[in-house]
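# Structure assessment
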Amino acid sequence: MNKSDIDISMFQKAKVSASEKEHIAAPASTVLADAWVRLRKNKAAVVALFILIAIILLAVFAPIFSQYSFSATDYENSYGAPNAAHIFGTDQFGRDLWVRTWMGTRISLMIALVAAILDLVVGVLYGAVSALMGGKVDVVMQRIIEILVGIPHLIIVILFLMAFPAGVGTIIAALSITGWVNMARLVRAEILKLKNQEFVLASQTLGTSKFQIILKDLIPNTVSVIVINVMFTIPNAIFTEAFLSFIGIGLAEPQASLGVLINSGYQVLRNYTHVLVFPAMVIVLIMVCFSILGDGLRDALDPQMRK
Amino acid sequence: GFTGDDNSKTESTEKGGEASGEKETSGEVLSVATNAEVKTLVQWAASEESAFTVNNQVQEGLFRMDADNKPQPALCDTYEVSDDKLVYTFHLRDGIQWSNGESITANDFVFAWLKQMGTEATNGYSFIMNDYIVNAQEYSEGTAKAEDVGAKAVDDQTFEVTLKSPTPYFINLTTMVMFFPVNEKFYTEQGDKYALAPENMLYSGPYTITEYDPSVGVTLAKNDKYWDKDNVQIADAKIRVVKDAAAALSAYQAGELSQVQLDSSNVTANQDNPEFGNEIDFRTTYIQFNLTDPVVGNVNMRKAIAMAIDRTALTKNILADGSAPGTGLIADGMAGDGTKTFRELNGEVTSFDPAKAKEYYDKAAEELGSAPSEVTMLVADDSVTKAVATFLQSELEKNLGLKMVIDTKTAQGRGELMDANNYQMGLTAWGADYDDAMTYLDLWTNGTPYRGNYADDTYNSLIADAKSQTDDTARLQDMLQAEKKLVEEDVVVSPVYHRGSATLTKSNVQNLITHPIGVPIELKYASFK
Amino acid sequence: MLKYVAKRLVYIVFTLWIIVTCTFFMMKNLPGTPFDAERFSIMTPAQQKQVLEMYGLNDPLPVQYVKYMKNIIHGDLGTSFTYVNKDVADVISGRLGPSALIGIQAVLLGLAVGLILGILAAWKHNSGIDYFTMILAVLGVSVPNFVAAALLQYFIGLKWGILPVGFWTNWDCSVLPSIALSFSATAMVARFMRTEMLDVLDQDYIVTARAKGISQMKVLMRHAARNSVLPVVTILGPVVVNLMTGSLAVENIFSIPGIGSLFVDCIKANDYPVIMGITIFYAAFYMLVVLLIDLVYSVIDPRIRLAKGKEDES
Amino acid sequence: MGKVLEVNNLTIHIKTHKGIVQAVRGVSFYLNEQETLAVVGESGSGKSITMKGVMGILPKNAKIVSGNVMFGGDDLTKYTERQMQAVRGSDIAMIFQDPMTSLNPTMKVGQQIEEMLKEHKKDMSAEQRKTRAVELLALVGISNPEARYKQYPHHLSGGMRQRVVIAIALACDPKVLIADEPTTALDVTIQSQILDLMRELQKKIKTSIIIITHNLGVVANVADRVAVMYGGKLAETANVEDIFHNPKHEYTKGLLESIPKAQEKGHELKAIPGTPPDLMEPPKGCPFAARCKETLVVCQNYIPEYYECGENHKSACWLLDQRAKRGVSTDEE
Amino acid sequence: MKNNEKESLLDVKNLKKYFQVGKKQTLKAVDDVTLQIYRGETLGLVGESGCGKSTFGRTVIHLYEPTAGTVTFDGIHIDKSMDLKQRHDLSKRMQMIFQDPYASLNPRRKILDIVAEGIDAHRLASGKKERTEMVIDLLETVGLHAEHADRFPHEFSGGQRQRVGIARALALNPDFIVCDEPISALDVSIQAQVVNLLEELQRKRNFTYLFIAHDLSMVKHISNRIGVMYLGSLVELADSEELFRNPMHPYTKALLSAIPIPDPKIEKNRQRIMLEGSLPNPINLGEECKFASRCDQCGSYCKKSQPVLKEVKPGHFVACSKCQ
Ligand SMILES: Nc1ncnc2c1ncn2[C@@H]1O[C@H](COP(=O)(O)OP(=O)(O)OP(=O)(O)O)[C@@H](O)[C@H]1O
Ligand SMILES: Nc1ncnc2c1ncn2[C@@H]1O[C@H](COP(=O)(O)OP(=O)(O)OP(=O)(O)O)[C@@H](O)[C@H]1O
Ligand SMILES: [Mg+2]
Ligand SMILES: [Mg+2]
């Protein structure tokens, strides 16, 4: 800066508008747009999002546009290696693995989705109510959780599968019984921390109802815990289903989830690696993408965001 | 007998080698695998192959199967049969001893057999005595006294058995675990502890047990009190529990097992391996139709289903482990008239013919008023069974346009549903207890829901006639007819396949025998090269 | 403290009772009976009666329940149906050793590796190491443990022959299964540790520590890691219990006589006394571990007062 | 009186997801031996970051862009981490604002003091360290120091904790003590105790002190000289009397006026309207221009330089320029 | 000034609020406080940190259930027996401004929704449009702009946030506002903005404030009367001028003397009353006067009983046996 540059005329009173005094630099935006902008900055998350979208599209459309049906068998072509006709090869029954993998993805994603929704609805609400009510309600609710955790999961699942036909619905229902417990515990702990925060007290003094407080004040502020936990719930649900097929009480043929496919692939791993590799790759890809996206979402949804 | 659904198969040998993986010096320990736990060794409580296998190595009956599946005198030296073929007198070998040095007497047989007939027997095998031995059934039901039962110790070395009717294969039966002797004194001393640990047992067979853990398996050592110990070549052996097929193959390749059973996916890759071997079991997997079901109660429907299944494709492409197409209920290779097998004599009683199947199907649909929207197959939850069910599903869909739902339940659950008449079709299996067609045909005489509620007078009289026949040819004729009636005419069941087993055996192991019935594995004759 | 523990124990006993009751009645509805239907149907009526009597199944359900509860109070878990004549306690304890060993090793391994990864990731936040660890962590939860186990067995056990492919004879045998089991624990610990560490690294006392002029390593380990590890310990409770109570898949693949496969087998075989025994053991163990972790937590973290504080957060 | 510490033209940038925060923009000051320099200024004006820059304990995303920190003839910004570790604590020590959070909650108080000794006085035996720690606790006026030695921070009251923090800082008799808002979280009664203590200790240990505070009362109490910061820059530095009685910068004036005065009861307080600038996009001219009553056009466009207004008195305000005086006078015409 | 002529809005009688800590220990956060607040006045409440100021404020507006004692607001008894509706209505008339402008605004909600929370809870707006208009109105009242409504709290400076907090309280147009250290977390130059705003609002809308703060000079500036609390009890209550001119309780004296004066000449030569001795443990207090352990003039009678608040001069209450 050169002093001589400064004209004497500049030494005059300037007008300063009032609004400039209360100036806020960044432009305003809506919650979602804002989150989206932030998410877009996170390259890994964007890539993950696109991969996930691609996977979902494939899961929806690949089976529709394939010349093969997921259940059509071809015994002359069992355990066929990947080739032009069957991109992912074929399985024991000569069924096209490309179609089966995407069908399986469909089912696994459905299971994941329901598990996640359940986690988000039942788990979060249960935890929130338990924490906010406190006292005896809390004690009872916590004991209920302990009991649910204490009764062996497998017994419940088998009972379910006995009572209802083995299908996606039954499996989801069976997984639902205890799937949300962890979330409830985490949310509860988080809300116990939050519930004496001043903004909660503020809502109380304004006469806001407890339910509204849970919905508007508490849950949004546990987003990061919730998102992280969902990231664990999704693989858990998918793998619990896979475990059921591992012990032989999962989905019924010819339906297949990724878990079922991986399980049957694992059994022929030695000689027909492709049967395992493709579904396994899809499942790993899904998990990785969910995790990265989850981390990105957590950051994006957090208006204050860690530095 | 009750192989039901469990595909447990016991096999394998190891050329020594401690499990720790130290490289074994060759020819030390023979190690075979079983895929199910050895939950009990009490012979009237055990019903699983794994337990039979262990008991067969450490105990012995009057006879023992030789390498050609023929019974050879074992604890019994000689025997006579009365002219009416009803009284068997067995003369025990001289100087046969329990592993503690006490001598094995005819009373030990009487004690064990009575136990098997008695109320304590929980293995469900009492019929195998009750059906043949005089007053056994009555004893079982508590209406006869022990003294009246047709199994008596004439003296310490003479054991006399009286049968209800002539039974040409009775000697075969005595090779079974249920017919092994038990030392009464020792048993009483042990009380509840009997057979829980190696020291709670006495041994009469080629080996003694040195270590026993139901979930790990058993460690065997040559029994030096065994009468034929000079012909037992291998001193140390193991029967190990390996539940996972892929893991078993790994263990075999790592040298921890001497023999392994291959699942279908590994057969192609190993077919040219000099260690590869292939056997067929006397065991049939079949569809049990529930005759009271409105849909499959229709005989044309059953025929359609039975004919719509390409069993060769199944065994060739899906199972690929040496299993044979189930062209009849009686397994390939089972005894017929001495020159030809039963199967050869009776031919294909069920066949694959999609065109005809469709005809039958349409006829059935007409009779039923409409084609069924779907049928349900009840199956147990092991992977082979599920693969077979999947195959059936696609065959029915392809050849009949019939949708088949697979209802997977635990083995216990499947059993209970069938018992409760709560099924349409069930996929189940039966393994021969002895080398005679009767071991199968007998089952459909009682009309239980489990057997599809099949109660047919013609069939029952054929079986009854066969049972009382003294003439072997007439008896065989009855049985051939019975199979035709059951499978071809009435289609109460539809055989699917006869199980085969593909194995790899280490090249230094020889004479590791696999029997197609009863006790699959026999260590006694094995040796290292 | 004692009073607190006593109170918790009372809760545990009460909860346990409800769990036992629920499980008891649910279990009786499991498909099938303790016997093969095929086998049972050919038994003579006398034998059938004898069998039912032996297993105490001929009483009406409430009577069975009362009898069972009476026996439990006397410490008698009954006799297994399938392991003939074996006490349930013996059956379970026989299987506990392998599962516990593998589980403990897996926990320790998961904890060690997870902590190191988590600390590194937090320390080098947003760096290559951070991304790398987080991808490892994601893979850890993404790969089914039976696939991981099979791969370990094939490569390390068979191909390279470094460790046994299976069986349960000496300690070597426990290494691969422990590693296979530890993956998900590692992933979980690494992730939680990282998040927690990032929070702690923002705390004022970390700045204070840095201002003291002590080395980065010491700041990291003595001040940051210690304070971050506490919450990780809490979430570890259920993980420990799950790992120590066995995993069917890993046990089957490595032919290990563990409690995971026992449980699945017994459920499938309807061995009621063993199912109940395992349930009791599992639930009690779970609750005791949680209690223990609370106690340990309060010992390590001086801020926590048991009487009030912790109960609310567990 | 020599200068122990001299900061020249220090510029520090902090990278955040939104952009770069220019937290410190060319700050220069010095500290004389045994002197107390008070740094005051709006929250967020870069006081703490400046001091963290001096100590070399900036957050990971912050970077010294230019400038130097001269201490004992060396430029500390050129030091390696290891060299800095030797300086930190032993030569320059720092106390932080919040006594509740600046002690490690899971470590005993004594240990936290000893940690410092262990690092910088390697020849001390364990016993000597303990003796010294207890001594330090006593020195900062904690009664029953032996017992306190074994306690955890949460056993102590806020005032006591802040004393412990001071004890840690003093453990190695530092030449410079930087106190970042050491009394903000405390009560007035305890605050005055802590201030007395610091003054006393300065006499005993003969250190130089930099104290950061918002509270002008505290400044009046302890400071010899004052530096006023605004918007990442130094607005004015002067001896304490000059600041209070002869402030030259408009911000300093505004600050003094907004304190309630007894005689003005019932009147409205003279607040400075508006909010401080966003350092992500600092205004191109004087940072205070937007809130200043006397803003000139030049203020909005050019950063003012420092005008000497007396002994030790510098102020960065265009109004002090000759031309401004003329400009104002033309206005009045 | 004659207080009794004024209309009392809030009547607090023997208010106690105990917290259960641990098994059998009680913390008497507010221990037998009696006072009245008159319509339109500002009552300042000062005292050491942790002495129970916030607890008192929160108990008064029924965020906490009092352990004992009564609070009467404009003739309405505030206690457990109130039904939900009464409680709801009351929340419209009594509001609170919180200490920490950072913690008291939900970081996940926009300013619009934060300010509108009371409007929503009491259904004061008929539609979305009216709601927005009301919020903008409020924002302008506190010196913010319409465009700020779309922002999140973290985008605001401390002073702005505190104004948002005030706007939120104003939304319901209450009669009585508890200001719990509304300025402690703010900068000096910003503190003045907020205090000015509060005073302006009081003039315009005749609010009654309970103003809790540490900073005595600010309290003095804004309050008509000041109460001094020590360990849960009110030890002195007087007109603000009177209190500063003539403090009677030794604690008040010490407190006043400790206020640093922003003038180096005075400050460097000032005499302070140093409080010796330590604060007693608030959990299990004995019989004696709570201040006894730190009081230099305490006599034997101070050890025997707790002094009670007595009017020693018109409008000047003190709880000290020595002074009475
Ligand atoms: N770790 C960080 N990451 C990003 N920005 C930061 C960080 N630390 C400080 N800042 C920013 O740097 C600027 C200066 O901060 P600094 O802490 O030095 O302010 P200060 O003057 O000490 O304020 P206070 O009086 O509130 O302590 C502020 O705008 C602040 O937002
Ligand atoms: N919910 C609670 N449970 C237990 N104790 C509490 C609770 N809230 C406050 N206390 C205790 O009550 C006492 C009074 O607290 P309060 O917050 O009213 O003090 P304060 O005067 O407002 O202090 P500050 O000036 O720090 O805000 C303190 O000792 C505090 O620890
Ligand atoms: Mg600061
Ligand atoms: Mg407070």
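Residues numbered from 1 in each chain as written. Chains lettered and ligands numbered in written order. Predicted model: local features only at pLDDT ≥ 70, side-chain atom pairs only at ≥ 80, totals over all residues. Heavy atoms only, no water.

## Some words on the arrangement of the chains
Counting contacts across all 8 pairs of chains that touch, the top pair turns out to be chains B and C. Chain D makes no contact with chain B, the minimum C-alpha separation between the two being 46 Å. One finds no contact linking chain B with chain E; the least C-alpha distance across the pair is 49 Å. (Contact = heavy atoms within 4.5 Å.)

## Regarding the packing of helix H16 (residues 457-468) of chain B against helix H17 (residues 472-489) of chain B
Residue and element names in this part refer to chain B. At a minimum axis distance of 8 Å, the contact between H16 and H17 shows a crossing angle of 155 degrees. By the criterion of interaxial angle, the relationship of H16 to H17 is roughly antiparallel. The handedness of the crossing between H16 and H17 comes out as left-handed. Residues Thr458, Tyr459, Leu462, Ile463, Asp465 and Ala466 of H16 touch H17, and the partners they reach there are Arg475, Asp478, Met479, Gln481, Ala482, Lys485 and Leu486. A breakdown of the residues in the contact of H16 with H17 according to their chemical character gives 7 nonpolar, 2 polar and 4 charged. (Axes fitted to C-alpha atoms, helices over the stretch in contact; angles between N-to-C directions. Helix = DSSP H or I, 4+ residues; strand = E, 2+ residues; numbered from the N terminus. Parallel < 35°, antiparallel > 145°, perpendicular 65-115°, else oblique. Left-handed = near helix turned anticlockwise from the far one by under 90°. Nonpolar A, V, L, I, M, F, W, Y, C, P; charged D, E, K, R; others polar.)

## Here we look at the UniProt feature "transmembrane region" (unreviewed entry) in chain C
Per the UniProt record, "transmembrane region" (unreviewed entry) is found at residues 9-27, 100-123, 135-155, 175-193, 229-254 and 274-300 of chain C. Helix makes up 90% of residues 135-155 of chain C and strand 0%, whereas the separation of the span's terminal C-alpha atoms amounts to 22 Å. (UniProt positions renumbered as here; feature names shortened; annotations may be inferred.)

## Considerations on the packing of helix H1 (residues 2-27) of chain C against helix H4 (residues 61-73) of chain C
Residues and elements named next belong to chain C. Across the interface, H1 lies against H4 with an axial gap of 11 Å and an inter-helix angle of 140 degrees. Judged on the interaxial angle alone, H4 and H1 are oblique. The crossing of H1 and H4 is right-handed. Residues Trp17, Val20, Thr21, Phe24 and Phe25 of H1 touch H4, and the partners they reach there are Leu61, Gln64, Tyr65, Tyr68, Met69 and Ile72. Tallied by class, residues from the contact of H1 with H4 come to 9 nonpolar, 2 polar and no charged.

## Some points on the site of ligand 2
Residue and element names in this part refer to chain E. As a structural note, the neighbourhood of ligand 2 is formed by 14 residues, with Ser49, Gly50, Lys53, Ser54 and Thr55 the closest of them. A distance of 2.5 Å separates an oxygen atom of ligand 2 from a polar side-chain atom of Ser54. Separating an oxygen atom of ligand 2 from a side-chain N or O atom of Thr55 is a distance of 2.4 Å. For ligand 2, whose unbound accessible area comes to 630 Å², protein coverage reaches 67%. (Near = heavy atom within 4 Å. Polar contact = N/O pair within 3.5 Å; in protein donor to acceptor, adjacent residues only side chain to side chain. Areas by Shrake-Rupley, 256 points an atom, 1.4 Å probe, with all protein chains shown as cover.)

## As for the interface of chain C and chain D
Often, the extent of an interface is quoted as the loss of accessible area upon association of its parts. Every contact between the two is made by 24 residues of chain C and, on the other side, 28 residues of chain D. By the criterion of area lost to chain D, the three top residues of chain C are Arg210, Lys212 and Pro302 of chain C, representing 27% of everything that side buries. Linking chain C with chain D are 3 salt bridges, by the criterion used here. Note that Arg222 of chain C is salt-bridged to Glu115 of chain D, the shortest N-O span being 2.7 Å. The interface formed by chain C and chain D includes 17 residue pairs in polar contact (both at pLDDT 80 or more). Elements that contribute at least two residues to the side of chain C that touches chain D include exactly helix H5 (88-123), helix H9 (204-211) and helix H10 (216-244) of chain C. For the side of chain C that touches chain D, the leading source of residues is H10 of chain C, giving 7 residues. (Buried area = accessible area lost by both parts, 1.4 Å probe. Salt bridge = Lys/Arg side-chain N within 4 Å of Asp/Glu carboxyl O.)

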